[in-house]
Amino acid sequence: MTIASDPAGLEPTIRYEDLDVPVSAPCARFEEFDKLREQAPAHFGTALGNEFWLITRMAEIRATYQNTDAISNRAVVPHQPDPPYKWIPEMLDPPEHTKWRKLLGPFFAPGAVDRLEPKLRQRFDEIMDDVVDRGRCDYVADVALRFPNTIFMEMMGLPISDADQFQVWQTAILHKGASAPEAAFQAMLEVNDYFAALIAERRRNPREDIVSIASTWRIDGEPVSEEDLHGLCLLLFMAGLDTVAMQLSYSMYHLAANPEDRRRVVEDPALFAPAIEEFLRYYAFVTPGRKVVKDTEIAGCPVKAGQMVWLPLVSANRDPREFPDADKVIIDRKDNRHLAFGAGPHRCLGSHLARRELTIGLTEWHRRIPDYHLDPDVEIREHGGQIGLDNLPLVWNVRG
Amino acid sequence: MKIVVDQSKCCGHARCNAFAPDLFELDDLGYVAVSEVEVPAGMEEAAQTGAGACPERAITIL
């Protein structure tokens, strides 16, 4: 199954498309990576005909993210080595990337998240007010997707009424990119049109939002181009909506399916902090790629310029070489140096905001609905592309 | 006991600060602002935990 022991015979042994089938049970995809990791530290394969390497273990994945000399962010999904779009700052390399991160940093720094906290709490309270008396919900649609979605709309200064349309675009781009690349590209064009109108409007009538402020920036003395503002809007949209929603959903899936862990966090809410880190480690669904720009060696394999590398965070995070009992969720785990937010200079810009949203989302839910369970009559589905849960049916007793 | 931070490796995860805010001061963007810190008596465990939280392996304890 692997060529790691036979680097001369570069026969593809895996296909990206096979790892991206549309429907499966929760965590099935993570378990695929577990199998591949234990077979070999690297697998050679094809992604819609393009050559790529899947890297499977923590040490090599971390080192590859840190290796900005040979590894570029100009392409970030294995099946698209020459993408017709540029998300900013994700798809930039240093030193240009560094300049953007410094400008964007103040919006996402720990202090900025502290200032946002009252708004985050208020928004999550509104969502809870809406669902608490229902006795049942689809947690993904009714809670998880609505929370970060509205925070994003707020940061961008957009009307909440457009949030549903954003979710449709998001699904097409993130979850169906490999199975329906034309539809994904079409969605991206529509998003681009939306943002083009937004950028033009904010240039005419600047406000306090991130787009208005970014349109006044200068990089190396030059004003930020229209195209780069688009790239920034696209990235904020791609990175901000789905990720927190899915992390909340996997965390709630775990707590619904494991009543003993749920009882512990409800009785001792201080345990939410390490539990959230453990859910981030165990259910790390983001699977970034990178483009090789200089021949190099990873795990003893000859990785060539022009090829892609695929660096699933969950594969690093569940590596038993790194974590004792890596295959178990231990909600008070110590020394949890997981890579759920990546590593290297592209470490998730929104990680501090994400952690705060996760903390508020999980603590507030359990304060108001401490006891609940999965609805055994509804099948839970998991999707590919960027891995996530389609639905999470929860049921609880309504008091009074 | 002394903490040594390789600031060139810091990518702003801020996990050291989450566990030991008094030892690992951050700058305004959330990157570690210190390169060497003498660990006061009684804070050895916090220093170890903070160092052990770094996903980039940028912190060593001497």
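Refer to the preceding data block for the structure.
An account of the accompanying structure is given in this report. (Residues numbered from 1 in each chain as written. Chains lettered and ligands numbered in written order. Predicted model: local features only at pLDDT ≥ 70, side-chain atom pairs only at ≥ 80, totals over all residues.)

So, on to the packing of helix H11 (residues 242-257) of chain A against helix H13 (residues 272-282) of chain A. All names here are of chain A. Two elements in contact, H11 and H13, have axes separated by 10 Å at closest approach and are oriented at 105°. In this view, H11 runs roughly perpendicular relative to H13, as classed from their interaxial angle. Taken together, the residues of H13 that come into contact with H11 (itself represented by Gln247, Tyr250, Ser251 and His254) are Ile276, Phe279 and Leu280. (Axes fitted to C-alpha atoms, helices over the stretch in contact; angles between N-to-C directions. Helix = DSSP H or I, 4+ residues; strand = E, 2+ residues; numbered from the N terminus. Parallel < 35°, antiparallel > 145°, perpendicular 65-115°, else oblique. Contact = placed C-beta atoms within 7 Å.)

Moving on: the sheet that holds strand S1 (residues 2-5) of chain B. Residue and element names in this part refer to chain B. Pairing in this open sheet of three strands is antiparallel, and the strands run S2-S1-S3 from one edge to the other. Whereas interior strands pair on both sides, the edge strands pair on one side only; in this sheet they are strand S2 (36-38) and strand S3 (59-61). For this sheet, the mean inter-axis angle between neighbouring strands, taken without regard to orientation, is 15°. Bridge count between S1 and S2: three bridges; the pairing is antiparallel. Following the sheet pairing, valine 4 is matched in S2 by glutamate 36. Packed onto the sheet, helix H2 (residues 44-52) meets S1 and S3 and runs at close to 150° relative to S3. (Pairing = 2+ DSSP bridges.)

Glancing now at H2(B). Residues and elements named next belong to chain B. Buried within H2 we find Ala47, Gly50 and Ala51. The arc that holds every buried residue of H2, seen down its axis, measures 95°, which confines them to one face. In this structure, the buried side of H2 is in contact with S1, helix H1 (15-19) and S3. (Buried ≥ 20, exposed ≤ 12 C-beta atoms within 10 Å, placed from the backbone. Arc of directions from axis to C-beta.)

Turning our eyes to something else, we now look at the sheet that holds strand S15 (residues 393-395) of chain A. Residue and element names in this part refer to chain A. Spatially, S5-S15-S12 is the arrangement adopted by the three strands of the open sheet, whose pairing is antiparallel. Looking along the sheet, the strands with just one partner apiece sit at the ends: strand S5 (136-138) and strand S12 (373-374). Pairing between S12 and S15: two bridges, direction antiparallel. By the bridge assignment for S15, histidine 373 is matched with valine 395.

Residue and element names in this part refer to chain A. One ladder, built from six bridges, connects strand S2 (residues 42-47) with strand S3 (residues 50-55); its direction is antiparallel. Counted as the bridge partner of alanine 42 is isoleucine 55 from S3. What sits between the antiparallel neighbours S2 and S3 is a turn of two residues, in which leucine 48 has the positive phi angle 50°. By the bridge criterion, three bridges tie S3 to strand S11 (residues 308-310) in an arrangement that is parallel.

This part takes up the nonpolar core. Residue and element names in this part refer to chain A. Residues Trp53, Ile55, Cys233 and Val309 are the most contacted members of the largest nonpolar core, which totals 134 residues. The dominant element in this core, judged by the number of residues it contributes, is H11, at nine residues. When neighbours within four sequence positions are excluded, isoleucine 55 is seen to be in contact with Pro41, Ala42, Glu60, Ile61, Thr64, Ile298, Ala299, Val309, Trp310 and Leu311. (Core = buried A, V, L, I, M, F, W, Y, C linked by C-beta atoms within 7 Å.)

Many structure descriptions define interface size as the accessible area lost when the parts assemble. Tallying the contact residues gives 15 residues for chain A and 13 residues for chain B. Elements with a contribution of two residues or more to the side of chain A that touches chain B: helix H3 (96-108), helix H4 (110-131) and helix H15 (351-368) of chain A.

With that settled, the discussion passes to H4(A). Residues and elements named next belong to chain A. The end-to-end C-alpha distance of H4, which contains 22 residues, comes to 30 Å, matching closely the 32 Å that a straight helix rising 1.5 Å per residue would cover. The largest bend in H4 comes to about 45°, at leucine 116, with the proline proline 118 one to four residues further on. Among the residues of H4, Val113, Leu116, Leu120, Arg123, Phe124 and Val131 are the ones counted as buried. Those residues of H4 hidden inside the fold are in contact with S5, helix H5 (139-144), helix H6 (146-156) and H15. (Expected span 1.5 Å × (residues − 1). Bend = angle between axes of the 7 residues up to and from the residue.)

All names here are of chain A. Burial along strand S8 (residues 289-292) is two-sided: the face carrying Gly289 and Lys291 and the face carrying Arg290 and Val292 are both buried. As paired elements, strand S4 (residues 71-72) and S8 share two bridges and run antiparallel to each other. Note on S8: the bridge partner recorded for serine 72 is lysine 291. As paired strands, S8 and S11 are joined by three bridges and run antiparallel to one another.

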